[in-house]
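# Chains, contacts and geometry: an overview
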Amino acid sequence: KNQVEQSPQSLIILEGKNCTLQCNYTVSPFSNLRWYKQDTGRGPVSLTIMTFSENTKSNGRYTATLDADTKQSSLHITASQLSDSASYICVVSALTGGGNKLTFGTGTQLKVEL
Amino acid sequence: DVKVTQSSRYLVKRTGEKVFLECVQDMDHENMFWYRQDPGLGLRLIYFSYDVKMKEKGDIPEGYSVSREKKERFSLILESASTNQTSMYLCASSLGTRTYEQYFGPGTRLTVT
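Below, the structure is looked at part by part. (Residues numbered from 1 in each chain as written. Chains lettered and ligands numbered in written order. Predicted model: local features only at pLDDT ≥ 70, side-chain atom pairs only at ≥ 80, totals over all residues. Heavy atoms only, no water.)

## Some details on the overall build of chain B
As a reminder of what qualifies: Strands are runs of DSSP state E lasting at least 2 residues, helices are runs of H or I lasting at least 4, and numbering of each runs from the N terminus. Throughout this description, buried means an accessible area under 20% of the type-specific maximum (1.4 Å probe, protein chains only), exposed means over 50%, and partly exposed covers the range between. The contact rule is simple, with two residues in contact once any of their heavy atoms fall within 4.5 Å. The Shrake-Rupley method, run with a 1.4 Å probe sphere, supplies the accessible areas, and residue values consider only the shown protein chains as cover. In this tally, Lys and Arg are treated as positive and Asp and Glu as negative; His is ignored, and so are the chain termini. Charged side chains are reduced to one point each, which is NZ for Lys, CZ for Arg, CG for Asp and CD for Glu.
Counting its regular elements, chain B contains zero helices and eleven strands. The helix and strand sequence of chain B, counted from the amino end, reads β-β-β-β-β-β-β-β-β-β-β. With the C-alpha coordinates aligned to their principal axes, the bounding extent of chain B is approximately 35 × 30 × 25 Å. Sorting the 113 residues of chain B into buried and exposed places 48% on the buried side. The long-range share in chain B, meaning contacts at least 24 apart out of those at least 6 apart in sequence, stands at 56%. As presented, chain B carries roughly 5,600 Å² of accessible surface, and 49% of it is formed by carbon and sulfur atoms. Positive and negative side-chain charges of chain B, numbering 16 and 15 respectively, have mean locations separated by a distance of 5 Å.

## Describing the overall build of chain A
Here is the rule we go by: Each radius of gyration is computed over the set of C-alpha atoms, and the globule rule expresses the reference value as 2.2 Å times the number of residues to the power 0.38.
Of the regular secondary structure elements, chain A holds zero helices and eleven strands. Each helix and strand of chain A, placed in order from N terminus to C terminus, yields the pattern β-β-β-β-β-β-β-β-β-β-β. Radius of gyration (C-alpha) of chain A: 14 Å, near the 13 Å computed for a compact globule of 114 residues. Counting only C-alpha atoms, chain A reaches 50 × 30 × 20 Å along its principal axes. Expressed as a percentage of its 114 residues, the buried residues of chain A come to 45%. When contacts within chain A are restricted to residue pairs at least 6 apart in sequence, those whose partners lie at least 24 apart make up 56%. In chain A, 10 side chains carry a positive charge and 8 a negative one; their mean positions are 6 Å apart.

That is the geometry; function is a separate question.
Put into C-alpha cells, the structure is as follows:
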C-alpha cells in the first residue's frame, strides 16, 4: 500500500530561525514528489516538484531535497517569517497505466512566532 | 495565473439534502479533481476527470457523483447528504497527469447537520 508519512506533526519556531520538515514514503513505482503549502482555510499551493533524477530544488527560502534510494524528502525553510505559518504537505506520485496517482501526507503544521 | 474557483466557501446542509459543489478553472486544463480533506487523514481523491463527459472513481467515491459537461466546469454531487460527509472539499485542475502541477481552489467547508 502506498503511504506518505510526515514528521513532525506540528512545529513551533521563532521568526528568523530555520527548520526542516521530513517526508518518508513507500510509493511505487515512483514518478515525482511535490511539496505544497496550505494556509488555514485555503487550498494547497505548490512549492516544489522533483522527479527521480533531481535531488535538490529551491523556491526562494524553501529548499526541498529528495533521496530516492532511502525514499526520503525534506523541506528546509530558511529565515522563517510569520507568513510561513501553514500546513506543509508532501505528495508522492506513482506511475499508473492511466497517469499519475497521488498519495498525500497528512502534513506538518508549522507555526512561526515572534 | 491559473485560477480555480469554487462556488461556495462555506455551506451548511441538512441530512438527506442533495448538494451541488461547483468548480471552475480558467486555464483550459484537461484534468480536474475533487478531494476531501479531514483532520489527520490528508487529502483523499473522490473523483477525477480527464476530459469532458469523462469521469473516473478515486479512492472514496461512495456517496458522491460528478458531472463534467464543459471543459472548465467540474461538479461534485452529494445525492443524499449525510453527517459523515461533513468535510473540506477541494477542487483541483492540471494540464496533464505526469509532472504537471495540480492547482487547487480555495475549498468549500461543508457541514451536514
